[in-house]
Amino acid sequence: MYLQGVSTRKVTEIIQELFPGQTISAATVSKCAQELDGDFNEWRNRKIDPISILYLDATYIKVRGSGIVHDWAVLIAVGVDSETGRKRIIGVSASLSEAEEHWSNFFKSLMARGMNRPTLVVSDSYVGIRGAVAKTLTGVPWQRCQFHFQQNAQSYVTSKRLKSFIAGEIRAIFNSGNREAAEKRTAMAVSLFREKKQDKLADWLEENIEQCLTIIDCPAEVQRYIRTSNIMECVNSQLKRRTRLISVFPSEASLLRLMTARLMDLSDEWEGNSGRAYISPEKLAVIAEVLKSAAPQPTPNIAE
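Note that the structure is predicted; figures quoted are calculated from it, not measured.

**Points about a nonpolar patch on the surface**
Then, in step 1: A surface patch of nonpolar side chains, about 400 Å² in accessible area, is lined by Met 1, Ile 14, Leu 18 and Phe 19.
Then, in step 2: With relative accessibility at 46%, the residue Met 1 sits in the partly exposed group.

Now the structure itself:
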């Protein structure tokens with residue numbers, strides 16, 4: 001019940017309803033959960049079958065340590081199976097931050113479990129991820145999440161009345177259909193932004209838009225699966241729903257235990273979805289062919 005989201009207080013109430021006069025303490029609930037650590041460790045260290053697409057993200061959760069509450073980063077990796085096209089959670093780790101060192105160690109642990117070099121990495125532009133991808137997965141194409149890019153762009157807009165207009169112009173670049181058209185739309189957008197006195201935005205767009213166009217030559221019906229890391233937002237929301245009842249975790253071990261339990265359930269649900277693929281093997285083959293024939297893309301630049 002605890003792993004499924006029932007609070008310790010409610011667990012006690014249910015036990016008393018089933019067995020009048022009996023009680024169960026928080027320590028007992030914790031001890032019962034700890035007995036599953038062997039299964040959780042086995043799942044976190046299982047062999048990774050070949051994947052084509054790798055999605056990355058992290059979510060922050062409060063943990064108490066040495067009497068101080070810290071925001072711990074839960075690093076998560078989702079892979080799309082090369083043969084079946086099904087999505088699955090291939091890794092989870094708890095770290096003090098999203099620093100490059102932590103992401104690099106996370107990638108190394110995935111590769112130690114057999115993770116191959118994926119066709120594509122999709123993530124937001126957090127500096128730790130970008131640096132680790134560039135150094136640990138050298139040469140693997142990286143797609144910057146277009147949704148997060150749109151959000152980042154808004155921080156450079158100095159006039160509220162222009163926000164919708166600018167969002168539309170950037171969205172038009174993403175929907176151009178091919179690299180040549182995207183480059184023309186980018187030049188038009190930069191010119192328009194400068195006319196409207198948005199020079200910082202124009203400079204930022206010129207410098208960073210290429211990171212979002214790695215998959216621009218893929219067919220539109222394929223791009224929708226790999227243009228953003230929104231799949232990770234779904235994962236994070238599932239974790240947050242479970243952790244709302246626990247404002248602060250007592251230890252890193254308790255945090256990782258509960259995160260693993262929820263992610264195991266979610267991954268099992270994905271993998272057992274009546275054989276349904278997230279991205280069909282045929283579309284994965286198209287992505288691989290397009291990226292292989294495309295001009296070499298720059299590795300993730302760790303400088304904004």
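**Observations regarding the layout of surface pockets**
Then, in step 1: One number sums up the size of the largest pocket: a volume of about 230 Å³.
Then, in step 2: Contributing to the lining of the largest pocket are 16 residues, with Tyr 2, Thr 8, Ser 30, Ile 246 and Pro 250 lying nearest its centre.
Then, in step 3: Those elements giving two or more residues to the lining of the largest pocket turn out to be helix H2 (26-34) and helix H12 (252-271).
Then, in step 4: Counting residues per element, the lining of the largest pocket draws most heavily on H2, which supplies four residues.
Then, in step 5: Tallied by class, residues from the lining of the largest pocket come to 10 nonpolar, four polar and two charged.

**Overview of the pairing of strand S1 (residues 51-65)**
Then, in step 1: Burial of S1 is extensive: 11 of the 15 residues sit out of reach of the surface.
Then, in step 2: Where S1 lies against strand S2 (residues 68-81), 14 bridges are found, and the strand directions are antiparallel. The partner of Ile 51 across the bridge, within S2, is Asp 81.
Then, in step 3: Following S1, the chain reverses through two residues before pairing antiparallel with S2; Ser 66 in that reversal takes a positive phi of roughly 55°.

**Here's the deal with the packing of aromatic side chains**
Then, in step 1: Here the structure, examined in full by the defined rule, presents eight aromatic pairs.
Then, in step 2: Summarising the aromatic geometry, the rings of Tyr 55 and Tyr 278 are spaced 6.4 Å apart at their centres and angled 75° between planes, so their arrangement reads as edge-to-face. Taken together, the residues Tyr 55 in strand S1 and Tyr 278 in the loop between H12 and helix H13 (281-293) connect sequence positions 223 residues apart.
Then, in step 3: Ring centres of Trp 103 and Phe 107 lie 5.9 Å apart, and the angle between their planes is 40°; on these two criteria the pair is classed as tilted. Placement of both Trp 103 and Phe 107 in helix H4 (residues 100-112) is noted, with a separation of four residues, approximately one turn of the helix. Comparing Trp 103 with Phe 107, the two get one shared label, buried.
Then, in step 4: Just above the ring of Trp 43 sits the side chain of Arg 46; from NZ or CZ to the centre is 4.2 Å.

Calculation notes
- Residues numbered from 1 in each chain as written.
- Predicted model: local features only at pLDDT ≥ 70, side-chain atom pairs only at ≥ 80, totals over all residues.
- Heavy atoms only, no water.
- Patch = residues over 30% accessible without salt bridge, like charges linked within 9 Å, V, L, I, M, F, W, Y side chains within 5 Å.
- Areas by Shrake-Rupley, 256 points an atom, 1.4 Å probe, with all protein chains shown as cover.
- Salt bridge = Lys/Arg side-chain N within 4 Å of Asp/Glu carboxyl O.
- Buried < 20%, exposed > 50% of the residue type's maximum accessible area, 1.4 Å probe, protein only.
- 1 Å grid on protein atoms, 1.4 Å probe; cavity = no way out; pocket = protein on both sides within 12 Å on 5 of 7 lines; lining within 4 Å.
- Points joined across faces, edges and corners; volume = space filled by probe spheres on them.
- Helix = DSSP H or I, 4+ residues; strand = E, 2+ residues; numbered from the N terminus.
- Nonpolar A, V, L, I, M, F, W, Y, C, P; charged D, E, K, R; others polar.
- Pairing = 2+ DSSP bridges.
- Phe/Tyr/Trp six-rings, centres within 6.5 Å; stacked < 30°, edge-to-face > 60°.
- Lys NZ or Arg CZ within 6 Å of the ring centre and 35° of its normal.

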